[in-house]
Amino acid sequence: MEPAAMVGTINHGDISDDESIKNHVRQHPTLKRMPSYYTPDMEDRMRRRLKFFFMDPIEKLKAKKRTPWKLLIQIVKIILVTVQLYIFGVERGSFVDYVERNTIALKHLFLKDWNAAYETLPYPPASGVYALYEVKDLYAHINFAADQYSKMDTISVGGYHYWHQNETEVPTIQMCKLNYITGEVLPNGSFVYDSKVTESCFPILKVSLENGTQVFDIKQYLAEKKASLDFDRLLQINLKFKVHTVRLDLETPHRCPLCFLMNVNITFNNNNRDGQMLVLLNPNISERPCRGKVLFNGGEKKKKTWMTIFDSIVIFISSMSFILCLRSIWRAHNLRKETADFFKNQFRRKLLWCDEMEFLNMWFILIVINDFITIIGSSLKIQLETRHLQSTSENYDFCAIMLGTGNLLGWLGVLRYVGFFKNYNILILTLKRAFPNVIRFMICAVLMYFGFVFCGWVILGPYHIKFRKLSTTSECLFSLINGDDMYVTFSALQTRNTFIWMYSRVYLYSFIGLFIYVVLSLFIAVIMDSYETIKHYYEHGFPKSDLFAFIEECTDPPNSAIYRQELPGWDCSTVFCFCCQRNNPDNPDETTRLIG
């Protein structure tokens, strides 16, 4: 048998991590035939079936002279799925930009003293948090938001409109305040609080001044309602209102106009009671049915139809791949059982577990998962484009996860076919051999890593912006392992405590020295050890298990006509055939079992 047929895929060869190279290359005991009902011709036929099973698509093409459907479908699928992902990524990016820009526009409209400095990336922070510190500022911000909302449709350039329940009335902002039922701080420093929280809501209306003008003055309005803001009990204030807008993308005719209702909530957060009242604006955007029409030049329906047809083709190709791979997995399972019975009856030897696992092709399982995820993602994409599913961030995110993960697994599945070439297969075989050792090594490294994470979070968290949370602490340390942002990590510590400063230096130097110079070096050494072992196998031959030693006795080349004459039980007339033709037991020949 040709060497390429034995080492062409990651399924070939029995590579054990617990045995040395010397033990691998030693000769296995010769398989001894026992008295059984298998004839020599049946044994040769089983050997050829196994050899054909472990052939790569090119060798199977030479043997059976039939088109390698799975290979062609995978190539077509990866192209279509990548194009589909690009189209969806452009559309999703446009939608995300629309949501983010609307959020920024609302902050400029309704938050007093908001400026572009607050719109920068969270790290490194260009400015402090947007917060209030005085009572008069709180009243001014509430009055500003109410006044801006009353004239929103005339001052905004974003096409914002009121969401009218009654078109004859202009809606108002609803103000809701959360506070403790009772709460009082006495002059002697003692206090009395009831932990129960109550919420009261009311609309903010204009009040009349002495000169007859009407303005928004929340302080006077509360006084007229015989209410007040007791800051000893106050926890949070929410200003709630609704904004209606229409998204038009006339440059893309197949995309219909989208109507959105934004439930805006401006929160004045005083829960921590630390002298700083944080101000947040969160628009909850949901799609609403549009009432109206846009006149296009007539090509809008065709483009929309073509997009749906393209997504349907992706679903069809993925379904074909799904069925073919499931069929191959089922056939491999049946062949495994038949081979195990053959070894048990012919050689009185149980088929080794590692040999049985050779029949389980993990690449096919990966492709099946990929196809299933791609079908779900493509179906969601069709519903989003045809407006049968609301255009919300959650729906777009779920569809993106499906399509993105499916595309990733699709490209990984292509490695199966690249691995049939010797020069490329060495990478896959190295990863396969090194995987158990890498997992054991990573368990030890992760234990040390989490020790540093918890220690840094507890000790440096109050004094370092990168260590304020467990998640940011882990991200900071992982960046240090890769040599990123080291100087900033050292210099960003803000403390006058000399002991903390000294401890931080010892902590950071120990982590960097241990993980960069020791852990990473050992990690590379583990990979290199597996690489050298695989190179040795390529030079001196791969170890042969009982299964492949049995297959190697077959001397028929892949282009032999005997493969087309035999294997009738595996010769299907159609691509989707699960039930293959079997020999007629009433018409026996020289290959038919004499018993059973």
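Residues numbered from 1 in each chain as written. Predicted model: local features only at pLDDT ≥ 70, side-chain atom pairs only at ≥ 80, totals over all residues. Heavy atoms only, no water.

- Under the annotation held in an unreviewed UniProt entry, the protein carries the name MCOLN3 and is attributed to Acanthosepion pharaonis.
- UniProt lists a comment for the protein under the heading Catalytic activity (unreviewed entry), and it reads "Ca(2+)(in) = Ca(2+)(out)". (UniProt positions renumbered as here; feature names shortened; annotations may be inferred.)

**Some points on the overall build of the protein**
And step 1. The number of helices and strands found in the protein is 18 helices and eleven strands.
And step 2. The burial tally for the protein puts 40% of its 596 residues in the buried class.
And step 3. Considering only contacts in the protein between residues 6 or more positions apart, those separated by 24 or more positions represent 73%.
And step 4. When the accessible surface of the protein is split by element, carbon and sulfur atoms take 60% of a total near 33700 Å². (Helix = DSSP H or I, 4+ residues; strand = E, 2+ residues; numbered from the N terminus. Buried < 20%, exposed > 50% of the residue type's maximum accessible area, 1.4 Å probe, protein only. Contact = heavy atoms within 4.5 Å. Areas by Shrake-Rupley, 256 points an atom, 1.4 Å probe, with all protein chains shown as cover.)

**Topic: the state of the cysteines**
And step 1. Throughout the structure, instances matching the rule amount to one disulfide.
And step 2. Covalently, C176 is tied to C201 through a disulfide, its sulfur atoms 2.0 Å apart. Around the S-S axis, the bridge from C176 to C201 shows a dihedral of about 115° and counts as right-handed. Placement of C176 in strand β3 (residues 174-180) and of C201 in strand β6 (residues 197-203) is noted, with a sequence separation of 25 residues between them.
And step 3. By relative accessible area, C176 is classed as buried at 2%. (Disulfide = S-S within 2.5 Å.)

**Here we look at the nonpolar core**
And step 1. Counting residues in each nonpolar core, the largest one holds 57 residues, and the members touching the most others are L239, I266 and F268.
And step 2. Elements that contribute at least two residues to this core include exactly α5 (69-110), α6 (135-150), α8 (218-224), β9 (234-247), β10 (258-269), β11 (277-288), α11 (362-385) and α12 (393-418).
And step 3. With seven residues, the top contributor of residues to this core is α5.
And step 4. Composition of this core by domain shows at least three residues from each of domain 1 (57-92 + 300-420) and domain 2 (111-297).
And step 5. In this structure F268 touches L132, L138, H141, I142, L235, Q236, I237, L239, M277, L278 and V279, once residues within four positions along its chain are discounted.
And step 6. Counting residues in hydrophobic clusters, the runner-up holds 21 residues, among them F490, L493, I512 and I516. (Core = buried A, V, L, I, M, F, W, Y, C linked by side-chain atoms within 4.5 Å. Domains from an automatic or database assignment.)

**So, the UniProt feature "transmembrane region" (unreviewed entry) in the protein**
And step 1. According to UniProt, the positions carrying the feature "transmembrane region" (unreviewed entry) are residues 309-330, 359-377, 398-418, 438-460 and 506-528.
And step 2. As a span, residues 398-418 carries 100% helix and 0% strand, and end to end its C-alpha atoms are 31 Å apart.

**Quick notes on a nonpolar patch on the surface**
And step 1. On the surface, a cluster of nonpolar side chains totalling about 590 Å² of accessible area is made up of M442, V446, F450, F454, W457, V458 and L470.
And step 2. The element that contributes the greatest number of residues to the nonpolar patch is helix α13 (residues 422-460), accounting for six residues.
And step 3. Within the secondary structure, V446 sits in helix α13.
And step 4. When its relative accessible area of 33% is taken as the criterion, V446 is described as partly exposed. (Patch = residues over 30% accessible without salt bridge, like charges linked within 9 Å, V, L, I, M, F, W, Y side chains within 5 Å. Salt bridge = Lys/Arg side-chain N within 4 Å of Asp/Glu carboxyl O.)

**Observations concerning the side chain of S378**
And step 1. Inspection of the secondary structure assignment puts S378 in helix α11.
And step 2. Other than its neighbours up to four places away in sequence, S378 contacts Q84, D311, V314, I315 and L403.

**What to know about the packing of α5 against α11**
And step 1. The geometry of α5 relative to α11 is characterised by a closest axis approach of 11 Å and an angle of 40° between their N-to-C directions. Put simply, α5 runs oblique to α11. Along this stretch, α5 crosses α11, giving a crossing that reads as left-handed. Across the interface between the two elements, K70, Q74, K77, V81, Q84, I87, F88 and E91 from α5 touch F364, I367, N370, D371, T374, S378, K381, L384 and E385 from α11. (Axes fitted to C-alpha atoms, helices over the stretch in contact; angles between N-to-C directions. Parallel < 35°, antiparallel > 145°, perpendicular 65-115°, else oblique. Left-handed = near helix turned anticlockwise from the far one by under 90°.)

**Thoughts on the pairing of β9**
And step 1. Burial runs high along β9: eleven of the 14 residues are buried.
And step 2. The pairing of strand β2 (residues 161-162) with β9 spans two bridges and is antiparallel. Within β9, the position partnered with H161 by the bridge is H244.
And step 3. Of the strand pairs in this sheet, β3 and β9 are connected by six bridges, and their pairing is antiparallel. Along β9, the bridge assignment pairs L178 with Q236. (Pairing = 2+ DSSP bridges.)

**Brief notes about the pairing of β10**
And step 1. Counting buried positions over the twelve residues of β10 gives nine, a clear majority of the element.
And step 2. Here β9 pairs with β10 via twelve bridges, running antiparallel. Note on β10: the bridge partner recorded for V243 is M262.
And step 3. Where β10 and β11 come together, eleven bridges link them in antiparallel fashion. Note that in β11 the partner of N269 across the bridge is L278.

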